[in-house]
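# Observations on the model geometry
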Amino acid sequence: MDFSLKKYRALLVTMQNRAYTTLTFADYMQGKRPDSFVILRHDVDLHPENSLATARIENLLGIKASYYFRSVPESWDEKIIKEIAALGHEIGYHYESLATCKGDMATALHDFDENLSRLRELAPVTTICMHGSPRTQWDNRDLWKEHSYHEKGIIGEPYFDIDFSDVFYLTDTGRRWDGFKVSLRDKIPVHQDRWCNEGLVFHSTDDIICAINEDRLPHHVMMTTHPQRWNDQFFPWIKESLSQKAKNVVKKILVKK
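The present account deals with the structure reproduced in this document. These numbers come from a predicted model, not from an experiment.

## With respect to the overall build of the protein
A count of helical and extended segments in the protein gives 10 helices and seven strands. Relative to its full complement of 257 residues, the protein shows a buried share of 54%. Expressed as a percentage of contacts within the protein between residues at least 6 apart in sequence, the contacts between residues at least 24 apart total 77%. By element, 52% of the accessible surface of the protein is carried by carbon and sulfur atoms, the whole surface being about 11800 Å². Taken together, the 34 basic and 37 acidic charged side chains of the protein have centroids lying 5 Å from each other.

## Structural notes on the packing of aromatic side chains
If you walk through the whole model with that rule in mind, you get 17 aromatic pairs. An angle of 20° between the planes, with centres 6.4 Å apart, marks the rings of Phe25 and Tyr28 as stacked. Of this pair, Phe25 and Tyr28 both sit in helix H2 (residues 25-29), three residues apart, which is roughly one turn of that helix. Of the two residues, Phe25 and Tyr28, both sit in the buried class. Aromatic side chains Trp177 and Trp230 sit 6.3 Å apart centroid to centroid with 55° between the ring planes, which places their arrangement in the tilted category. Placement of Trp177 in the loop between strand E6 (168-171) and helix H8 (189-197) and of Trp230 in the loop between strand E7 (220-225) and helix H10 (234-256) is noted, with a sequence separation of 53 residues between them.

## With respect to the packing of helix H3 (residues 48-60) against helix H4 (residues 78-86)
As a packed pair, H3 and H4 sit with axes 10 Å apart at the nearest point and diverge in direction by 10°. Classified by the interaxial angle, the pair formed by H3 and H4 is roughly parallel. In this structure, the crossing between H3 and H4 has a hand that is left-handed. Facing H3, whose interface residues are Pro48, Glu49, Ser51, Leu52, Ala55 and Arg56, H4 presents Ile80, Glu83 and Ile84.

## Section: the environment of Cys129
Turning to its location among the elements, Cys129 is positioned in strand E5 (residues 128-130). Residue classification places Cys129 among the buried residues on the basis of a relative accessible area of 0%. Filtering out sequence-adjacent residues up to four positions away, Cys129 remains in contact with Arg41, Asp43, Tyr68, Tyr93, His94, Tyr95, Glu157, Pro158 and Tyr159.

## Here's the deal with the environment of Met29
Relative to the assigned elements, Met29 resides in helix H2. Met29 sits in the partly exposed class, given a relative accessible area of 24%. In this structure, the C-alpha to C-alpha distance between Met29 and Ile155, residues 126 residues apart in sequence, is 6.9 Å. Excluding residues that lie within four positions of it along the chain, Met29 makes contacts with Ile155, Gly156 and Asp161.

## Thoughts on the environment of Pro124
As for its position among the elements, Pro124 is in the loop between helix H6 (105-120) and E5. Overall, Pro124 belongs to the exposed group, its relative accessible area being 69%. A sequence separation of 100 residues divides Pro124 from Thr224, and the C-alpha atoms of the two residues are 21 Å apart.

About the thresholds
- Residues numbered from 1 in each chain as written.
- Predicted model: local features only at pLDDT ≥ 70, side-chain atom pairs only at ≥ 80, totals over all residues.
- Heavy atoms only, no water.
- Helix = DSSP H or I, 4+ residues; strand = E, 2+ residues; numbered from the N terminus.
- Buried < 20%, exposed > 50% of the residue type's maximum accessible area, 1.4 Å probe, protein only.
- Contact = heavy atoms within 4.5 Å.
- Areas by Shrake-Rupley, 256 points an atom, 1.4 Å probe, with all protein chains shown as cover.
- Lys, Arg positive; Asp, Glu negative; His and termini not counted.
- Charge placed at Lys NZ, Arg CZ, Asp CG, Glu CD.
- Phe/Tyr/Trp six-rings, centres within 6.5 Å; stacked < 30°, edge-to-face > 60°.
- Axes fitted to C-alpha atoms, helices over the stretch in contact; angles between N-to-C directions.
- Parallel < 35°, antiparallel > 145°, perpendicular 65-115°, else oblique.
- Left-handed = near helix turned anticlockwise from the far one by under 90°.

Written out as structure tokens, the structure is:
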């Protein structure tokens, strides 16, 4: 069953067996670049308890990953944030200030600063990553057209600071690994056509596992998951599957506009 914790563990073990080093995004920004690596990023949009489950699996395998928390009740769980940090994982801020502040730059910057400060009371935070906010017209990355996150002690934001001509991007957006087809913002358009032409399109987790075993996956990868989608319990798994299929239909319409 895809998008189960069992399948996620199998993916991690396959990467380890094929000598991929797993990095946090902060590791990458600090210059750690082994021959084969996967930057392991998790966007905690909903159900933070699911993120704790993946964090524990990774910890048992000796893996560290980056977990980006939104400043909304459905993501922000201080106990879980502290637990994940205690397992050795990186904590980052999954910001959406421009969307929540309806495009008001000054208010959005204040909101960003306030939430970053709150998160830093729970764990060290040196990297950030935008939340796509697909239901709004605002792209949260536009906050940095007038401001600099480096002035706030932030060393990196993946969409600005990863060289995607060298690093292949995989994300489970849309609860599928080829979700760029229905994604509004979680994609890398400037390189997507090249990746498609090279056959680097994967639908299922098994497709990725097969590519790793056959040495078809690039050796420099950033992999983003949304842990709310990964569950071993049948009814939550079905609920997420049906919900995401409905969302994908809407997003497909919006992408075509």
